[in-house]
Amino acid sequence: MNFYIYRNFTVENLFSRYDATFSGYSDITQVPEDAINYVWFYLPSINLNSLELANEVFDFKSRLDFLLTRIPTHKRFLLFSLDCLFEFKGESSSTIVDTSIQAYNAHLYDLTTKHLNVKVVDFKSFVFSAGQGVFDWRFYYISQSLINPKLNITFASWFQKQLDAIDGNRKKCLVLDLDNTLWGGILGEDGLEGIQLGNTYPGKAYYDFQTGLIQAKDSGVILTLCSKNNESDVLEYWEKHPAQVLKQNHVAAFRINWQDKATNIRELAEELNIGLDSMVFIDDNPAERERVKQELPMVSVPDFPRQPYLLPQFLKEVYQEYFQIYQLTAEDREKTHQYIANSERKVFSQTFKNVDDYLSSLSMELKVFCGDEYSIPRIAQMTQKTNQFNLTTPRLTEQDVWNCVRSGAMVNCLGVKDRFGDNGITVASIISIREKVASIDAFLLSCRILGRDVEKAYLFYLMNELLARGIKMVKASYIPTAKNKQTEKFYESCGFSCIQDENGIKGYQIDLKLKIEIKPYYKFEI
Amino acid sequence: MNSEKVLALMAETFNVERAILNEDTSQKNVSAWDSLIHLNLIVALEEEFQVSFEPEEIAIMTSFAVIMEELSKSNP
């Protein structure tokens, strides 16, 4: 059973797509052990007495607090926030119901800070997007549905987005056109003075759009530009236009030239070392969008609004569709900065005689973490998001990783710092140990750190650790996916022997004898 | 008129083969047709035929025959 749902009204229709089991109405006595996730989905009843309604909400809180003491702390517990679907007020100044609901919702968010397994699902965002028809009297009276069953499908896709946001399943990069997208008008024709951007419509709409893009960037979305223009014109404009809020340092990479956009987007993906399927392309020109759709079907290409006044709503929808995140990790916040530092590293690396020379000049500091409250959210997030350098591609939740730790596995990750900045935690591994045999169940690396053989040094470091614990036999495997081909020979290159190969799934082992020497420029600390 | 469309919609909603449904189909002889599925069926019928049933009608629309009768009332 994937979800066990505590509820006080009919919700079966809403979750028909999921492997879900439901509590009795308002029943909190059962805590089935085989549930993977628990869900708390209570809504205020339809009650035309405000005082009773407010009391009911207070009662929800006590029930929830009691139930929380019984839910296993290593399993995810999703709490739907409350929204009142119908209220009849005797006096319009009465706030008793509002107050009780606000206090309840604040309490939910407070719980998430005390219990790592608790996450809040913002039910209001569903009510808001579903609009007027969310509650239907006919269906309420015939079936106790508080949510119109006509919205079953809308609800399911909304709920899936909330789950994705909690798991950190999101796209990574926005590719933005310039003319008539970031500002009104065409720079090459209208000139600096002719561009619409500023305090009055339509310039204000573009200004707001840019402000929102900066917030998206601050929430970990990588911004890039792809425009048919003269690069020098754009850079000059950028310096001079007073209302240009989106600055050059918000942008991780750009292609401003006359090359076709599909080629440019491909180059951007390569430069940033991200997959094309993690990119979203925004362009006002339908012909450009069509061409990118044709040539790069893995890139997401939303339609662009015809009127500038629709831009803020458009940005919100694009963000919710592709980038919604529940909570950022410190790494997310730093991401664009890291991608920019990486481009600098690329330029810098060209002035050295050999790779060793370059690598030692980076002054790398490698910090090894054990799986704990600090590192596990990031490890889980990496397993969800890492596609290219991922040997077995397990998709794990925080709770799954905690379970590995509990079962005695070596759960580690690595923070990588160098003279250009802190890349944060970028390598993770899970090694289970049974009767003196270690198996590497997960080994993955964020692509922004590729090209420095940190992964090899880290693997050797772990092998030395195992040897120090008296473990000599290490097993490993490679499971091919559409994206991880570059890791196909990783274990071979680290001295493992391939002992099995079935449909591309390879099994490896190595017999550890001596401590492996690691190049001195990989400075490990614990 | 609509009887084939209705039967197809019922089969889809109940998740059963179209062939096992006929004009005698009712809640009594289809095990999948519980109260929740009934709600789904009403939603599907309302969306397909752009109609809206009253609670009293919904309560009695538990057989193919009554469904056809109620549909013809609202869609003369």
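Our structure is the block above this text.
These notes cover the structure that comes with them. (Residues numbered from 1 in each chain as written. Chains lettered and ligands numbered in written order. Predicted model: local features only at pLDDT ≥ 70, side-chain atom pairs only at ≥ 80, totals over all residues. Heavy atoms only, no water.)

Some points on the overall build of chain A
Within chain A, the secondary structure is distributed over 17 helices and 18 strands. Considering only residue pairs separated by 6 or more positions, chain A has 69% of its internal contacts joining residues 24 or more positions apart. (Helix = DSSP H or I, 4+ residues; strand = E, 2+ residues; numbered from the N terminus. Contact = heavy atoms within 4.5 Å.)

A look at the overall build of chain B
Broken down by element type, chain B carries 4 helices and 0 strands. For chain B, the sequential pattern of α-helices and β-strands runs α-α-α-α. Here chain B, with 76 residues, has 43% of them falling under the buried criterion. Counting contacts in chain B only where the partners sit at least 6 residues apart, residues at least 24 apart contribute 49% of the total. (Buried < 20%, exposed > 50% of the residue type's maximum accessible area, 1.4 Å probe, protein only.)

Details of the side chain of Asp 283 of chain A
Along the chain, the position of Asp 283 of chain A falls in the loop between β9 (279-282) and α10 (286-295). Reaching out from Asp 283 of chain A, the side chain makes a polar contact with the side chain of Lys 261 of chain A at a distance of 2.8 Å. (Polar contact = N/O pair within 3.5 Å; in protein donor to acceptor, adjacent residues only side chain to side chain.)

Some words on the packing of helix α1 (residues 3-14) of chain B against helix α2 (residues 35-49) of chain B
All names here are of chain B. Orientation of α1 relative to α2, taken along the N-to-C sense of each, is 140°, at an axis distance of 10 Å. Of the possible angle classes, the one that applies to α1 and α2 is oblique. Both α1 and α2 take part in a crossing whose hand is right-handed. Between α1 and α2, the residues in contact are Lys 5, Val 6, Leu 9, Met 10, Thr 13 and Phe 14 and Ile 37, Asn 40, Leu 41, Ala 44, Leu 45, Glu 48 and Phe 49, respectively. Class assignment for the residues of the contact of α1 with α2 results in 9 nonpolar, 2 polar and 2 charged. (Axes fitted to C-alpha atoms, helices over the stretch in contact; angles between N-to-C directions. Parallel < 35°, antiparallel > 145°, perpendicular 65-115°, else oblique. Left-handed = near helix turned anticlockwise from the far one by under 90°. Nonpolar A, V, L, I, M, F, W, Y, C, P; charged D, E, K, R; others polar.)

A look at empty space enclosed by the protein
All names here are of chain A. Taken as a whole and assessed by the stated rule, the structure comprises 2 cavities of 30 Å³ or more. Of the voids in this model, the largest cavity is the one considered here, and its volume is about 40 Å³. For the largest cavity, the full set of lining residues is Thr 10, Val 11, Asn 13, Leu 14, Ser 145, Ile 147, Pro 149 and Asn 152. For the lining of the largest cavity, a count of residues per class yields 4 nonpolar, 4 polar and no charged. (1 Å grid on protein atoms, 1.4 Å probe; cavity = no way out; pocket = protein on both sides within 12 Å on 5 of 7 lines; lining within 4 Å. Points joined across faces, edges and corners; volume = space filled by probe spheres on them.)

Observations regarding the sheet that holds β9 of chain A
Residues and elements named next belong to chain A. The 4 strands lie next to each other as β8-β7-β6-β9, forming an open sheet whose pairing is parallel. Of all strands in the sheet, those with a lone pairing partner are β8 (251-257) and β9, marking the two edges. Shown here is a sheet whose adjacent strand axes are inclined to one another by a mean of 20°, direction ignored. (Pairing = 2+ DSSP bridges.)

A few points about the sheet that holds strand β1 (residues 3-7) of chain A
Residue and element names in this part refer to chain A. Here we have 5 strands laid out as an open sheet, ordered β2-β1-β3-β4-β5, and parallel in their pairing. On the outer flanks of this sheet lie β2 (20-25) and β5 (118-121), each paired with one strand and no other. When strand polarity is set aside, the average angle formed by the axes of neighbouring strands in this sheet is 20°. Packing against the sheet, helix α2 (residues 96-114) makes contact with β3 (37-41), β4 (76-80) and β5, and its axis sits at approximately 145° to β5.

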